[in-house]
Amino acid sequence: MRKLIATVLSGMVLTGSLFSCATGNAATNATVLPGRRPAYVATLPKQPLSKQEIKDLLHMREEEKLARDVYTALYEMWQMPVFRNIARSEQRHMDMLKFLIDRYNLEDPVAKTGDKLGKFENKKLQKLYTELVKQGSKSLIDALEVGATIEDLDIKDLQDALKRTDNRDIAAVYENLMKGSRNHMRAFTAILRRYGIEYKPKFITPAEYKAIIGSKHEIGIVYGENGKSVTAYQTITVKGRVTKVYQRPGYGNKKVVWWVVEVKTPNGKEEIAVAPIWLYPSLDIVPGDRIEVTGYVPPFWRFRNIKGLMACTIKNPKRGVTYKIRNCTRASKRLRFQNR
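Thresholds applied
- Residues numbered from 1 in each chain as written.
- Predicted model: local features only at pLDDT ≥ 70, side-chain atom pairs only at ≥ 80, totals over all residues.
- Heavy atoms only, no water.
- Axes fitted to C-alpha atoms, helices over the stretch in contact; angles between N-to-C directions.
- Helix = DSSP H or I, 4+ residues; strand = E, 2+ residues; numbered from the N terminus.
- Parallel < 35°, antiparallel > 145°, perpendicular 65-115°, else oblique.
- Contact = heavy atoms within 4.5 Å.
- Nonpolar A, V, L, I, M, F, W, Y, C, P; charged D, E, K, R; others polar.
- Buried < 20%, exposed > 50% of the residue type's maximum accessible area, 1.4 Å probe, protein only.
- Pairing = 2+ DSSP bridges.
- Salt bridge = Lys/Arg side-chain N within 4 Å of Asp/Glu carboxyl O.
- Phe/Tyr/Trp six-rings, centres within 6.5 Å; stacked < 30°, edge-to-face > 60°.
- Lys NZ or Arg CZ within 6 Å of the ring centre and 35° of its normal.
- Lys, Arg positive; Asp, Glu negative; His and termini not counted.
- Core = buried A, V, L, I, M, F, W, Y, C linked by side-chain atoms within 4.5 Å.

**Student:** So what about the packing of helix H6 (residues 168–194) against helix H7 (residues 206–213)? Which residues, and what values?
**Tutor:** The N-to-C vectors of H6 and H7 enclose an angle of 85°; their axes lie 9 Å apart at closest approach. Taken together, the axis directions place H6 and H7 in an arrangement best described as roughly perpendicular. The segment H6 lies against H7, with Arg182, Met185, Arg186, Thr189 and Arg193 engaging Tyr209, Ile212 and Ile213. A per-class count over the contact of H6 with H7 returns four nonpolar, one polar and three charged.

**Student:** So what's going on with the environment of Val110? Which residues, and what values?
**Tutor:** With respect to the helices and strands, Val110 occurs in helix H3 (residues 109–112). Each C-alpha atom of the pair Val110 and Asn122 lies 9.7 Å from the other, and the pair is 12 residues apart in sequence. The contact partners of Val110, leaving out residues within four places of it in the chain, are Arg61, Glu62, Lys65, Met94 and Asp115.

**Student:** Which residues make up the pairing of strand E4 (residues 257–265), and what are the values?
**Tutor:** Most of E4 sits out of view: seven of its nine residues are buried. The pairing of strand E3 (residues 236–249) with E4 spans eight bridges and is antiparallel. Note on E4: the bridge partner recorded for Pro249 is Val257. Where E4 meets strand E5 (residues 268–276), eight bridges bridge the pair, whose relative direction is antiparallel. Residue pairing across strands places Val263 opposite Glu270, the latter belonging to E5. The antiparallel pairing of E4 with E5 creates a hairpin that spans two residues between the two strands.

**Student:** Quick rundown of the pattern of salt bridges? Include the residues and the values.
**Tutor:** All chains considered together, the criterion is met by 18 salt bridges. In this structure, Asp69 engages Lys65 in a salt bridge whose closest nitrogen and oxygen atoms are separated by 2.5 Å. In this pair, Asp69 and Lys65 both sit in helix H1 (residues 51–78), four residues apart, roughly one turn of the helix. The pair formed by Asp69 and Lys65 is uniform in burial state, with each residue classed as buried. Two residues, Asp160 and Lys156, come together in a salt bridge whose shortest N-O distance is 3.5 Å. On the criterion of helical spacing, the pair formed by Asp160 and Lys156 is a turn pair, its members being four residues apart in helix H5 (residues 140–163).

**Student:** Let's hear about the packing of aromatic side chains: which residues, and what values?
**Tutor:** Enumeration over the complete set of coordinates arrives at six aromatic pairs. Ring centres of Tyr71 and Phe188 lie 5.3 Å apart, and the angle between their planes is 45°; on these two criteria the pair is classed as tilted. One end of the pair, Tyr71, is in helix H1; the other, Phe188, is in helix H6, with 117 residues separating them in the sequence. Like Phe188, Tyr71 is buried. The interplanar angle of 35° and the centroid separation of 5.7 Å between the aromatic rings of Phe83 and Phe188 together place this pair among those described as tilted. Of this pair, Phe83 sits in helix H2 (residues 81–103) while Phe188 sits in helix H6; the two residues are 105 residues apart in sequence, bridging distant segments of the chain. Judged by its relative accessible area of 0%, Phe83 is buried. Residue classification places Phe188 among the buried residues on the basis of a relative accessible area of 0%. The ring of Tyr104 is capped by Lys46, whose NZ or CZ atom sits 5.7 Å from the centre of that ring.

**Student:** So what's going on with the side chain of Asp152? Which residues, and what values?
**Tutor:** Relative to the helices and strands, Asp152 is located in helix H5. Although buried, Asp152 forms no salt bridge, and the nearest oppositely charged side chain, Lys202, lies 5.8 Å from it. For Asp152, the contacting residues outside a window of four places in its chain are Met185, Tyr199, Pro201, Lys202, Phe203 and Ile204.

**Student:** Hey, could you go over the nonpolar core for me, with residue numbers and the actual values?
**Tutor:** Ranked by size, the top nonpolar core spans 32 residues in total, and within it Val70, Tyr71, Val82, Phe83, Leu144 and Phe188 carry the most contacts. At the level of secondary structure, the elements contributing two or more residues to this core comprise H1, H2, helix H4 (123–136), H5, H6 and H7. The dominant element in this core, judged by the number of residues it contributes, is H5, at seven residues. Once you skip the residues sitting within four places of it in the chain, Val70 turns out to touch Tyr129, Leu132, Val133, Val146 and Ile150. Judged by nonpolar contacts, the second largest core, of 30 residues, contains Val263, Leu283, Ile291 and Val297.

As far as function goes, none of this settles anything; it's purely spatial.
Following this line, the structure appears as structure tokens:
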């Protein structure tokens, strides 16, 4: 069997966002991902909202505003870039929630206050804003601890809100907001450690906190599928019996014809993209073979409801061979969304 030639893959990243969002205070009606793809959340079905789901959406919209406004105030005081950078990220979080509020025709609490810095419809958040800014004004250490505390609270509230929703679009947004908050917590606590300070969580459990700061910065977008959260380019392995080997038009460029293997697994049939036929004129895989495939799911496949994998390796025990098609690890590090 002739060696497969790996395709060349490249790109840049937009971390922690489901949308291509503009920065600034004005919320955007985001409907596209970077590039020309439709927003992932917009492809998910609208489902009826409970009173609790509505309450949580409106609360989280202002809680993300709380984070943005506090960090903006703290940056003005201390001129530390981490506050400015994370404030911009919180604006994107606000935009994600605004997308859902608009989608379900809810009244935006941020619009009621004119999106003025430090002004909130929620009285508890109004009081908390005043307390946090006051605490953060005492010293730089206090300001960094305020940042960690906000992310601590945000993660806990998002966890609780996620348990109270069964709407896939809302769950997808909450999962991405939590991922962003975990990254923000890593940033604040890492700086505190440089000053010899160990943050003590007030809302999430010590075990959860330890797991967060003990893990790496998370990149990419979290996709919700059948109740599960899947990170873009995460390596996945499936096993099953080959039911069909065929050619199909390319997934992006229709003029490029691809070899595809259909595999029946315990979870249903999976479409395994192997390689363009000009790279590999024939396949030494036939129906009936039992194979093990390791690969990843390209994000735009989810937009198009393609159920399957882009193969990295294919093991065929019956024939005693393993086909190495592309480097999954390298691809997962290089393939990124571009912020446009």
